[in-house]
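Summary of structural features
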Amino acid sequence: MSVTAPSAGPPARSGKAAALGWLLTIGLNVVAPIVTYNTLTEDHGWSEFSALLLSGAWPVLDTAVMAAWRRKVDEFAVVTLVFLVITAVVSLVGAHTARALLVKDSGVTGLFGLLCLGTLLAPRPLMFYFGRKFATDGTPESTAWWNGMWQYEGFRSTMRTMTLVWGVAYVAEALTRIALAYALPTDTMVVVSPVMIYGVLAALGVWTAWFGRRRAAEGARRAAEAEASVAATAA
């Protein structure tokens, strides 16, 4: 993505820590809400709306655990907390039905997609901050390395393209889930909804990794060609 690179290279990542983080994320955002909803509605006679509302507490716990684990609240955590607050507020206004709550929840991911698209007008797009969270270990050195990459045009283009794709994908995902909320039974959507959210997230993650490697390879190739050209001119 650049001819030269900053002096500080990308930090080493801990595979075990990353795996544990993903297990916690999936457990608290997918498995726990489904189990909670089914237990409350089937075994304790709770209403669908109340069970859905309480099952939404698990993602809040996930955010708190991650913040305590990393011992700081970064831009990623702030965005997550903001959307959790929006979800809670939106859930308590308007119609108090299970279907309405599912539609409102879908609207939140749609807002995330719109936020991605909106930050394309900002000095740095949202994926720059998300990338910094997952591509560094949070130390001042690795953060400085990531921030320093912004000086390269190829890096800036990559971050903006990623932000555009994520924004469009989540707007489309939200619209699809809203349509399904009216077409499918509530107990089916309780399973389908988180699967869609994290299925889209997984697909975007795979695409992002592939696209990032591709752009890095293109940058390395251009750098090699430039060095070869300089060497040939000097000879």
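Everything that follows concerns the structure shown earlier in this document.
The present account deals with the structure reproduced in this document.

Definitions and cut-offs
Residues numbered from 1 in each chain as written. Predicted model: local features only at pLDDT ≥ 70, side-chain atom pairs only at ≥ 80, totals over all residues. Heavy atoms only, no water. Helix = DSSP H or I, 4+ residues; strand = E, 2+ residues; numbered from the N terminus. Buried < 20%, exposed > 50% of the residue type's maximum accessible area, 1.4 Å probe, protein only. Contact = heavy atoms within 4.5 Å. Core = buried A, V, L, I, M, F, W, Y, C linked by side-chain atoms within 4.5 Å. Axes fitted to C-alpha atoms, helices over the stretch in contact; angles between N-to-C directions. Parallel < 35°, antiparallel > 145°, perpendicular 65-115°, else oblique. Left-handed = near helix turned anticlockwise from the far one by under 90°. Salt bridge = Lys/Arg side-chain N within 4 Å of Asp/Glu carboxyl O.

Right, let's get into the overall build of the chain. On a plain count of helices and strands, the chain comes out with nine helices and zero strands. Traced from its N-terminal end to its C-terminal end, the chain shows the element sequence α-α-α-α-α-α-α-α-α. Put simply, the chain has 235 residues, and 37% of those count as buried. Considering only contacts in the chain between residues 6 or more positions apart, those separated by 24 or more positions represent 73%.

This part takes up the nonpolar core. The biggest cluster of nonpolar side chains holds 19 residues, and the ones touching the most others in it are Phe112, Phe155, Met159 and Trp166. Taken together, the elements giving at least two residues each to this core come down to α5 (98-118), α6 (126-135), α7 (140-148), α8 (153-183) and α9 (186-234). For Met159, the contacting residues outside a window of four places in its chain are Pro125, Met127, Phe128, Trp146 and Trp150.

Further remarks concern the environment of Ile178. Relative to the helices and strands, Ile178 is located in helix α8. Residues Ile178 and Arg99, 79 residues apart in the sequence, show an inter-C-alpha distance of 9.3 Å. Excluding its chain neighbours within four sequence positions, the residues that come into contact with Ile178 are Val103 and Ser106.

Before going further, it helps to spend a moment on the packing of α5 against α8. Running from N to C, α5 and α8 cross one another at 165°; their axes reach a closest spacing of 7 Å. On the basis of the axis angle, α5 is roughly antiparallel to α8. With respect to the hand of their crossing, α5 and α8 are arranged in left-handed fashion.

Before going further, it helps to examine the packing of α6 against α8. Interhelical geometry of α6 versus α8 gives an angle of 100° and a closest axis separation of 8 Å. Considering their axes alone, α6 and α8 lie roughly perpendicular with respect to each other. Here Leu126, Met127 and Phe128 of α6 lie close against α8, whose contacting residues are Phe155, Met159, Met162, Thr163 and Trp166.

This part takes up the environment of Gly107. Tracing the chain through its elements places Gly107 in helix α5. By relative accessible area, which is 26% here, Gly107 ends up partly exposed. Gly107 sits 67 residues away from Ala174 along the chain, and the two C-alpha atoms are 6.0 Å apart.

Before going further, it helps to examine the pattern of salt bridges. Two side chains bearing opposite charge may form a pair once their charged atoms approach each other closely. For the structure on display, the rule yields three salt bridges. Note that Glu218 and Arg214 form a salt bridge whose closest N and O atoms lie 3.3 Å from each other. Here the residue Glu218 and the residue Arg214 both occupy positions in helix α9, the gap between them amounting to four residues, near one helical turn. When its relative accessible area of 42% is taken as the criterion, Arg214 is described as partly exposed. The shortest N-O distance in the salt bridge between Glu218 and Arg215 comes to 3.5 Å. Linking Glu218 with Arg215, this pair stays in helix α9, spanning three residues, or about one helical turn. By relative accessible area, which is 22% here, Glu218 ends up partly exposed.

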